[in-house]
Amino acid sequence: MSAKLGVGFIGAGPVTQAIHLPTLATLADRFRVAHVMDVDEQVAAVVAARADAQSTTQLDTLLEDPEVDVVAICSPDRFHADQVAAVAAAGKRAILCEKPLATTVEEAQRIADVSVTSGVPVLVGAMHAYDPAWSAARQHWGDLAATGTLVRSVIYLPPNDEFHDLATDLAAPPPNPSTPRELSLEVQAQRLRAGVLGLATHTIPQIRQFLPTCKQVTAARFVPPFGYQIVVIGDDRTAELIALMPGRWRPDWSFHVWGADSELHIDFPPSYVLAGSATVTLRTGS
């Protein structure tokens, strides 16, 4: 048995190519890519070849591979619950499931139950929740979690294509649909939901630290071409979430909390580039 853990990928899209594979390349003493599965046979083959791994279009083939110790689920969110269950049933050692883990309470509970029953740990790809600077800040912000009154999350990013180009050469560039000038309310709602699941989900763990109870969403609107403006209140606290893609230089992914006598500001690096930890500034009255 190899001393390195063999990683199997379910889904070989831009996130796998531009984030996971470069990250694993920095951890080559502990991990190796063993198998890549994607419904697009050519994409699976090209991505696997880059990592000297096997490729397939069939989930069962990947799960039956004894060289696969742990699995990264990088497929669309509607498949996550079924795929987590399948990986756990196959007896793999651990699962990294990309965000969002689930889109319904029932799916989330099913994943939790599968993990408990099988003993297979499931880690969610919520990168900011594990950021070293965020973890350090939690040890020093004192009573801000109890006294903070206003929370703001801002995500202002250039197109993903620019980050893809910085990180890798995609095996198959994703489609880049244009946004018509007039969108129906139904389409706006769909895109708002996509923004919450694709972007806001990154910052939800931080918001929950300071707004544990959500009593009312007082505003929620789609911001073209892709973004949102959301305001949530709970227990005399307010959270504002703003996002816009594509923005221009310079990228801004920040998180801000104001309290009675202290203030927390976090600048997160954008996705797709190995830019290291966030930067945290904590100010107090003293």
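Scope of this entry: the structure provided in the associated data block. (Residues numbered from 1 in each chain as written. Predicted model: local features only at pLDDT ≥ 70, side-chain atom pairs only at ≥ 80, totals over all residues. Heavy atoms only, no water.)

1. Section: the side chain of R237
- Tracing the backbone through its elements, the reader meets R237 in strand 10 (residues 237-245).
- Of the polar contacts made by the side chain of R237, one reaches the backbone oxygen of A145; its length is 2.7 Å.
- A distance of 2.8 Å separates the side chain of R237 from the backbone oxygen of A146, its partner in a polar contact.
- In this structure R237 touches A145, A146, T147, G148, T149, F210, L211, P212 and V232, once residues within four positions along its chain are discounted. (Helix = DSSP H or I, 4+ residues; strand = E, 2+ residues; numbered from the N terminus. Polar contact = N/O pair within 3.5 Å; in protein donor to acceptor, adjacent residues only side chain to side chain. Contact = heavy atoms within 4.5 Å.)

2. A word on a negative patch on the surface
- Where like charges cluster on the molecular surface, the negative patch consists of D161, E162, D165 and D169.
- Within the fold, D165 resides in helix 8 (residues 160-167). (Patch = residues over 30% accessible without salt bridge, like charges linked within 9 Å, V, L, I, M, F, W, Y side chains within 5 Å. Areas by Shrake-Rupley, 256 points an atom, 1.4 Å probe, with all protein chains shown as cover. Salt bridge = Lys/Arg side-chain N within 4 Å of Asp/Glu carboxyl O. Lys, Arg positive; Asp, Glu negative; His and termini not counted. Charge placed at Lys NZ, Arg CZ, Asp CG, Glu CD.)

3. Comments concerning the sheet that holds strand 13 (residues 279-284)
- Strand order in the open sheet formed by 7 strands is 8-9-10-7-11-12-13, and the pairing between neighbours is mixed. Of all strands in the sheet, those bounded by a partner on one side alone are strand 8 (216-222) and strand 13. Each strand axis lies, on average, 5 degrees off the axis of its neighbour in the sheet, ignoring direction.
- In the sheet, strand 7 (residues 150-156) pairs with strand 11 (residues 252-258) via 7 bridges, with the strands oriented antiparallel. (Pairing = 2+ DSSP bridges. Axes fitted to C-alpha atoms, helices over the stretch in contact; angles between N-to-C directions.)

4. A few points about the environment of L199
- Position of L199 among the secondary structure elements: in helix 9 (residues 185-210).
- Counting along the chain gives 44 residues from L199 to I155, while the straight-line C-alpha distance between them is 7.9 Å.
- Once you skip the residues sitting within four places of it in the chain, L199 turns out to touch I155, A194, F226, Y228, A243, M245 and W253.

5. A look at unusual backbone geometry
- Of note, the amide linkage connecting P224 to P225 takes the cis form, showing an omega dihedral of 5 degrees.
- The residue P225 is located in the loop between strand 8 and strand 9 (226-234) in this model.
- In this chain, M245 is followed by P246 through a cis amide linkage whose omega measures -5 degrees.
- One can find P246 in the loop between strand 10 and strand 11.
- One non-glycine residue, D52, lies in positive phi territory at about 55 degrees.
- Relative to the assigned elements, D52 resides in the loop between helix 2 (41-50) and strand 3 (54-56).
- The backbone of D235 sits at a positive phi, close to 55 degrees, despite the residue not being glycine.
- As for its position among the elements, D235 is in the loop between strand 9 and strand 10.

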